[in-house]
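Tertiary structure, described
Chain residues, written in single-letter form:
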Amino acid sequence: MSAANKRVVSINSEVSKRRPKEVRHVPRRGPSDGSTRVTLPRSRDENSEEEVPFVCLVPLAHAGAIIGQGASIVRQLVRDHSANILLETLPHPLPQSFVDRMVYIKGSPANTAKAFGEIIELLNKEASKDSDSERVLPAKFLIAEELVGHIIGKAGASVKHLQSLATDDGEVSLAACAHPGLGRTMANYQVLTVTGGVDGQKAIQEAVHERITSIVNAQQLALPNPLKATTEETVTLFVPDGMVGALIGKGGSVLRDIVTRTHARVSVETRDESGESEERRVTLVGTQDVVEMAQNVISSALPQEGRYLKAVIGIPTDAIRHLIGKQGAHISDLMSRTYTTIHVDEPEGDSANVVIEGTVMNNLNAQRSIRDLVEKF
């Protein structure tokens, strides 16, 4: 699990002893999170369209062809095409149901099309090594439910136009998403599958992304991020030893209820027999929504004095300057709005820790704001 997806949360009853932390400015370094990600700095014309991410599914067996050793290939794709690229973080152990991997591309429709074009060329080249067949791999695009109607068009006009772009007897079809990593959220997406020649797949991808970008900007839509549903986070709660009993409950009843209600994986550290530690670790593992829900439920199970959180969230160094803002203006505003204390630690490698202190609700509000900001860059 990467630092960018890991949070450490401390529950402390001594609220009155806390003091505001210093907001420290840190140098900008190369970006990274637990998945394979490369980003480029960019300036945006205020009158230009907002860049809309495009998500495709690639065969898991051939995904290495677009990553390369030390992410060398995906980094070159970013440099060549000026598009940010993020590959889905895979669960461990990997279930047999995973046959595809999501690739998230963010850039202008033209730049995204160039990046996608090279990606499918690399995938087909890799696939040809395992077979004598010249069959082209199908291209799969993830379409948010809100956009499906626009892709189909009135009386199917739009999808018929896409079909006309296909080559080598290719076909275009829409079907319910079955990607296992999306879990309970996969009903929010459909998969557009394109068979036939590579040239037709490229043309259809570019047409689809141009359509999506136009609709999202015209209607100011806030699309769901499918990678958010698949990336697991680890949260460690430091609970005062005297409060752990309330969290576990008689015969483990409260803890079992938390697991049932939130679907988080929860483990409680064994008591330190030496008596030196006054806190015990409660580790939560799950997707963002699951872990956030678990924090809320666990907090409500604790006595009132135990509901003050200290959260340490890992973010890519790429996002630090955006979080802090000019002369600390953005982070100061965030603290004022969420009634929390926030400071940024010095980066360690490609990530840095953001320390947040506040009540449960205020802390979670700050976490969401920081997460939303990170996703924009």
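Everything below is about the structure printed above this text.
First, a word on what this report is: a plain description of the structure on this page.

What follows concerns the overall build of the chain. Across its full length, the chain carries 12 helices and 14 strands. Look at the contacts in the chain between residues 6 or more apart in sequence, and 75% of them connect residues 24 or more apart. In the structure as shown, the chain presents an accessible area of about 18,400 Å², 49% of it carried by carbon and sulfur atoms.

Examined against the element boundaries, V282 turns out to sit in strand β11 (residues 279-287). Judged by its relative accessible area of 0%, V282 is buried. Along the primary structure V282 and F238 are separated by 44 residues, whereas in three dimensions their C-alpha atoms are 6.4 Å apart. Discounting chain neighbours no more than four positions away, the residues touching V282 are V235, T236, L237, V239, L247, V266, S267, V268 and I298.

Where helix α2 (residues 109-128) contacts helix α5 (residues 198-219), the two axes come as close as 9 Å, and the packing angle between them is 150°. For α2 against α5, the interelement crossing comes out right-handed. Facing P109, A110, T112, A113, F116, G117, I120, E121 and N124 of α2, the residues of α5 in contact are V198, Q201, K202, Q205, E206, H209, E210 and T213.

Tallying each qualifying case throughout the model produces 9 salt bridges. Between R271 and D241 there is a salt bridge whose closest N-O contact spans 3.3 Å. In this pair, R271 is assigned in the loop between β10 (265-268) and β11 and D241 in the loop between β9 (232-240) and α7 (244-248), connecting sequence segments 30 residues apart. Residue D241 is classed as partly exposed on the basis of its relative accessible area, which comes to 21%. Among the charged side chains, a network of salt bridges with common partners joins D241, R271 and R280.

So, about the environment of E279. With respect to the helices and strands, the residue E279 is situated in strand β11. On the basis of relative accessibility, which here comes to 28%, the residue E279 falls in the partly exposed class. Each C-alpha atom, one on E279 and one on F238, is 5.8 Å from the other, the two residues being 41 residues apart in sequence.

A few words now on the side chain of R280. With respect to the helices and strands, R280 occurs in strand β11. Under the relative-accessibility criterion, R280 is labelled buried at 10%. There is a polar contact of 3.0 Å between the side chain of R280 and the backbone oxygen of E269. When residues no more than four places from it in sequence are discounted, the contact partners of R280 are L237, F238, V239, D241, V244, V268, E269, T270 and R271.

A few words on helix α8 (residues 253-262). When we look at burial in α8, the residues that qualify are L255, I258 and T262. Buried residues in α8, looked at end-on, bunch into an arc of 55°, giving them a common side. Its buried side turned inward, α8 meets α7, β10 and α9 (288-301). Downstream of α8 by one or two residues, H263 has phi in the positive range, about 65°.

On the surface, a cluster of negative charge is contributed by D168, D169, E171 and D199. Note that E171 resides in the loop between α4 (157-165) and β7 (172-176). What makes E171 exposed here is its relative accessible area of 54%.

We now examine the nonpolar core. Inside soluble globular proteins, nonpolar side chains tend to come together where they are buried. Residues V103, F141, I143 and V208 are the most contacted members of the largest nonpolar core, which totals 53 residues. Tallying contributions element by element places α5 first for this core, with 7 residues. Once residues within four sequence positions are removed from consideration, V208 is found in contact with F54, I143, I151, L162 and L192.

Our focus in this paragraph is the pairing of β11. In the sheet, β9 pairs with β11 via 9 bridges, with the strands oriented antiparallel. Considered in β11, the bridge of L237 is made with V282. Judged from the 4 bridges that link them, β10 and β11 form a sheet pairing that is antiparallel. The partner of S267 across the bridge, within β11, is T283.

Turning to the side chain of T213, a few remarks are in order. Structurally, the position occupied by T213 is in helix α5. In this structure T213 comes out as buried when scored by relative accessible area, which is 2%. Excluding residues within four positions of it along the chain, T213 makes contact with E49, E50, V52 and P109.

Rules used throughout
- Residues numbered from 1 in each chain as written.
- Predicted model: local features only at pLDDT ≥ 70, side-chain atom pairs only at ≥ 80, totals over all residues.
- Heavy atoms only, no water.
- Helix = DSSP H or I, 4+ residues; strand = E, 2+ residues; numbered from the N terminus.
- Contact = heavy atoms within 4.5 Å.
- Areas by Shrake-Rupley, 256 points an atom, 1.4 Å probe, with all protein chains shown as cover.
- Buried < 20%, exposed > 50% of the residue type's maximum accessible area, 1.4 Å probe, protein only.
- Axes fitted to C-alpha atoms, helices over the stretch in contact; angles between N-to-C directions.
- Left-handed = near helix turned anticlockwise from the far one by under 90°.
- Salt bridge = Lys/Arg side-chain N within 4 Å of Asp/Glu carboxyl O.
- Polar contact = N/O pair within 3.5 Å; in protein donor to acceptor, adjacent residues only side chain to side chain.
- Arc of directions from axis to C-beta.
- Patch = residues over 30% accessible without salt bridge, like charges linked within 9 Å, V, L, I, M, F, W, Y side chains within 5 Å.
- Lys, Arg positive; Asp, Glu negative; His and termini not counted.
- Charge placed at Lys NZ, Arg CZ, Asp CG, Glu CD.
- Core = buried A, V, L, I, M, F, W, Y, C linked by side-chain atoms within 4.5 Å.
- Pairing = 2+ DSSP bridges.

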